[in-house]
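# Structural description and commentary
The primary structure of each chain is shown beneath.
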Amino acid sequence: MATYKPVTHVIFDMDGLIFDTERIYTEIHQTIASKYGKVFTWEVKVKCMGKVADEAARTFIKELELPITVEEYHATFAEICKEMFQKTQVLPGVERLIKHLHATGVPIAIATSSKKETMDMKTKNHRELISLFHHVVCGSNDPEVKRGKPAPDVFLVCASRFEDKPSPDQVLVFEDAPNGVEAALAAGMQVVMVPDERLQPEFYGGATLVLKSMEDFKPELFGLPPFPQA
């Protein structure tokens, strides 16, 4: 049986981990691709997942050979996403875990590659849940985050903003994307991966623990307070 080191702080990725935004991102990207007679495949999606906004845009444009600039992509994306991000739902098991960690005094934060304004759109109907986090770091426009995932910057910056500034080995990260897992491991943190069911195991990238759903997570494995008995 694998052994895990106890932790004191928890950092959550957001897209595809807390919220089902990856499904919405797919719809938006296919809408843009369709304008040029292209198909947004799963293979291209995997290459874009978890990257900061400009890098994801460049990857999308390059892989589909689109005749547009990064700026044109962002303008089109912003127009489409305003309406679609209103439909964001919390993924199974996530709300229970966040509320449990908050109630038991475990410091929690969000480290996302999203821009602040995009995050605000996604979380508009979930402000109460977001208010339980100590802080949020938006990698795409936070001046301290110099490099996007798979570089460790966003997780290191996020950990440094907890009041007691835990060392990386005291932090557990939740991620869904391969380059997010790589970033967390590069930061010296343990990482629980909850990947898209279509993601092949070779993309798990040495995650500390891989789960099918957040509903399967047992906090006590990492020295965190267990869920109360039903």
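A few points on the structure. Computed from a prediction, not measured in an experiment: that's the story for all the values here. Numbers given to residues run from 1 along each chain, matching the order in which its sequence is written. Confidence filtering applies because this is a predicted model: local features only for residues at pLDDT of at least 70, side-chain atom pairs given and counted only at 80 or more, and all residues used for totals across whole chains, interfaces and linings. To obtain the side-chain values, all non-hydrogen atoms of the structure were used and water was disregarded.

## Describing the overall build of the protein chain
Helix and strand labels come from DSSP, where a helix needs a run of H or I of at least four residues and a strand needs a run of E of at least two; each type is numbered from the N terminus. Each helix and strand counted, the protein chain has nine helices and six strands in total. For a compact globule the rule gives 2.2 Å times the number of residues to the power 0.38, and the radius of gyration it is set against comes from C-alpha atoms. At 17 Å, the protein chain has a C-alpha radius of gyration in line with the 17 Å of a compact globule built from 230 residues. Exposure classes here rest on a 1.4 Å probe applied to the protein chains alone. A residue is buried below 20% of its type maximum, exposed above 50%, and partly exposed in between. In the protein chain, buried positions account for 52% of the 230 residues. In what follows, residue pairs with any heavy atoms lying within 4.5 Å of each other are defined as contacts. Sequence-distant contacts in the protein chain: of pairs separated by 6 or more residues, those separated by 24 or more amount to 67%. For accessible areas, the Shrake-Rupley method is used with a probe of radius 1.4 Å. Any residue's cover is judged against the shown protein chains and nothing else. With the model as given, the accessible surface of the protein chain reaches about 11100 Å², and the carbon-plus-sulfur share is 53%. Charged side chains in the protein chain number 26 positive and 33 negative. The centres of these two groups are separated by 2 Å. Counting rule applied: Lys, Arg positive; Asp, Glu negative; His and chain ends not counted. Positions of charges follow a simple convention, taking NZ of Lys, CZ of Arg, CG of Asp or CD of Glu.

## Section: the packing of aromatic side chains
Stacked, edge-to-face and tilted are the three classes for Phe, Tyr and Trp ring pairs, Trp counted by its six-membered ring, which pair at centre distances within 6.5 Å; planes under 30 degrees apart are stacked, over 60 edge-to-face, the rest tilted. A full pass over the atoms with the stated rule returns eleven aromatic pairs. Geometrically, the ring pair formed by Phe-12 and Phe-174 is stacked, given 5.1 Å between the ring centres and 20° between the ring planes. Residue Phe-12 is found in strand β1 (residues 9–12), and its partner Phe-174 is found in strand β4 (residues 171–175); the two are separated by 162 residues along the sequence. A residue is classified by how much of its surface remains accessible, and Phe-12, at 0% relative accessible area, is buried. Its relative accessible area of 0% is what places Phe-174 among the buried residues. Look at NZ for Lys and CZ for Arg. If either is within 6 Å of the ring centre and within 35 degrees of the ring normal, a charge sits over the ring. Sitting over the ring of Phe-227, Arg-96 keeps its end group 3.5 Å from the ring centre. Taking the ring centre of Phe-85 as reference, the NZ or CZ of Lys-122 above it sits at 5.3 Å.

## Points about helix α1 (residues 21–34)
Each residue after the first adds 1.5 Å to the expected span of a helix. Here α1 spans 20 Å end to end across 14 residues, near enough to the 20 Å set by a 1.5 Å rise per residue. The secondary structure elements touched by the buried residues of α1 are α2 (42–48), α3 (53–64), α4 (70–84) and α6 (116–122).

## Digging into the packing of α1 against α4
Two elements in contact, α1 and α4, have axes whose closest approach is 10 Å; the angle formed by their N-to-C orientations is 130°. Of the possible angle classes, the one that applies to α1 and α4 is oblique. By crossing handedness, the relation of α1 to α4 is classed as right-handed. Between α1, through Ile-24, Tyr-25, Glu-27, Ile-28, His-29, Thr-31 and Ile-32, and α4, the contact on the second element is made entirely by Tyr-73, Thr-76, Phe-77, Ile-80, Cys-81 and Met-84. Lines fitted to C-alpha atoms define the axes, with helix axes restricted to the stretch in contact, and inter-axis angles between N-to-C directions lie between 0 and 180 degrees. Oblique is the label for every angle not falling under 35 degrees (roughly parallel), over 145 degrees (roughly antiparallel), or within 65 to 115 degrees (roughly perpendicular). Each helix crossing is assigned a hand: it is left-handed if the near helix lies turned anticlockwise from the far helix by less than a right angle, otherwise right-handed if that turn is clockwise.

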